[in-house]
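# Overview (structure and organization)
Letter by letter, the chains look like this.
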Amino acid sequence: MPQTKPIVSVENVVASASVDQKIDLNEVTKKFPDTEYHPDQFPGLVFRLKTPRTATLIFRTGKMVCTGAKSEEMAVKAVQTVVERLRKGGIKIKNDAEIVVQNIVAAINLGGKIHLEHAARTLPRSMYEPEQFPGLIHRMLDPKTVILLFASGKLVCTGAKKEADVYRSVNNLHSLLEEKKLMIYDQ
């Protein structure tokens, strides 16, 4: 049983969505002057929300990408809110958006330091090149995530599709680090 409990903070949830119909982005720009649309530079329109604080890219194909949410629920709510606002603004959207979480990024503090040199030699599927990057890159197979480990005991977990996978990855790794005596705790 690990000595400390990891502190996990979900920083970003990226979700893709589709309303399965074409959207006239020029019409959206006219009705929503706050949106950002520069088709000569990028084909997507940026629709920002204050609550939940997110940015949703909308493409003319009806596909969307929502970033900035702090939870799966928030990402779903953000896309639903964007679709609702478009409808209220007179943009005809027949279907509700089909939403799929693509990636969750979380910051974690293990509450102790990590012996990275030893971890690099002990953990499978790990890469550590301190001259290029100060963190160890560990690829976990189940759940399929990538975790960056820093000597400070801080981690960044990415690639999870569910928040539960973030916790499972972190707990699996934390137990492994303890088992292999790679954690250093100040007494």
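Along every chain, residues carry numbers that run from 1 in the direction the sequence is written. Given that the model is predicted, a residue must reach a pLDDT of at least 70 before its local features are reported, and side-chain atom pairs must reach 80 or more before they are shown or counted; all residues, however, enter totals for whole chains, interfaces and linings. Derived side-chain values reflect all non-hydrogen atoms in the structure, with water molecules and hydrogen atoms excluded from consideration.

If you check an unreviewed UniProt entry, the protein chain appears there as TATA-box-binding protein from Candidatus Nitrosotenuis cloacae. What UniProt records for the protein chain under Sequence similarities (unreviewed entry) is the sentence "Belongs to the TBP family." UniProt positions are given in the numbering used here, feature names are shortened, and annotations may be inferred rather than shown by experiment. Taken from UniProt, the Function (unreviewed entry) comment for the protein chain reads in full: "General factor that plays a role in the activation of archaeal genes transcribed by RNA polymerase. Binds specifically to the TATA box promoter element which lies close to the position of transcription initiation."

Another aspect to go through is helix α4 (residues 163-179). Only DSSP runs of H or I reaching four residues or more are called helices, and only runs of E reaching two or more are called strands; each is numbered from the N terminus. Expected helix span is given by 1.5 Å per residue-to-residue step, counting one fewer step than there are residues. In this model, α4 (17 residues) spans 25 Å end to end at C-alpha, consistent with the 24 Å of a helix rising 1.5 Å per residue. The buried label applies to any residue whose accessible area, calculated with a 1.4 Å probe on protein chains only, is under 20% of its type's maximum; exposed applies above 50%, and partly exposed to all values in between. For α4, the full list of buried residues reads Glu163, Asp165, Val166, Ser169, Val170, Leu173, His174, Leu177 and Glu178.

Once that is clear, we can look at the layout of surface pockets. Vacant regions in the atomic arrangement are exposed by a probe of water-molecule size rolled over the atoms. Every definition here rests on a 1 Å grid over the protein atoms only: cavities are sets of points where a 1.4 Å probe fits but cannot get out, pockets are open sets enclosed by protein on both sides within 12 Å along at least five of seven lines, and lining residues have some atom within 4 Å of a point. Grid points are joined across faces, edges and corners, and a volume is the space filled by probe spheres set on the points. In this structure, the largest pocket spans a volume of roughly 200 Å³. Lining the largest pocket are Phe32, Asp34, Thr35, Glu36, Val46, Phe47, Arg48, Leu49, Lys50 and Arg85. Take the lining of the largest pocket: its biggest share by element is four residues, from strand β3 (residues 45-49). Residue classes in the lining of the largest pocket are distributed as four nonpolar, one polar and five charged. Side-chain classes follow a simple rule in which Ala, Val, Leu, Ile, Met, Phe, Trp, Tyr, Cys and Pro form the nonpolar group, Asp, Glu, Lys and Arg form the charged group, and the remainder, Gly included, forms the polar group.

Note that a disulfide, as used here, is simply two cysteine sulfur atoms within 2.5 Å. Tallied over the full model, the rule gives zero disulfides. In this model Cys66 remains outside any disulfide bridge; the closest cysteine sulfur is found in Cys157, 19 Å from its own. Residue Cys66 is classed as buried on the basis of its relative accessible area of 0%.

One bridge is not enough; two strands pair if DSSP finds at least two bridges between them. Taken together, the five bridges between strand β6 (residues 98-109) and strand β11 (residues 154-160) define a ladder with antiparallel strand orientation. The partner of Ala106 across the bridge, within β11, is Cys157. One ladder, built from four bridges, connects strand β10 (residues 145-149) with β11; its direction is antiparallel. Along β11, the bridge assignment pairs Leu148 with Val156. Connecting the antiparallel pair β10 and β11 is a turn made up of four residues, with Gly153 showing a positive phi of about 95°.

Attention now goes to the side chain of Ser71. Along the chain, Ser71 falls in the loop between β5 (63-69) and α2 (72-88). Exposure remark for Ser71: the relative accessible area of 14% places this residue in the buried category. Within the structure, the side chain of Ser71 is placed 3.0 Å from the backbone nitrogen of Met74, a separation counted as a polar contact. The contact criterion used throughout is that any non-hydrogen atoms of two residues lie within 4.5 Å. Excluding its chain neighbours within four sequence positions, the residues that come into contact with Ser71 are Val13 and Glu163. In protein, a polar contact means a hydrogen-donor-capable atom and an acceptor-capable atom, both N or O and within 3.5 Å, with residues adjacent in sequence counting only if both atoms are side-chain atoms; elsewhere, any N or O pair within 3.5 Å suffices.

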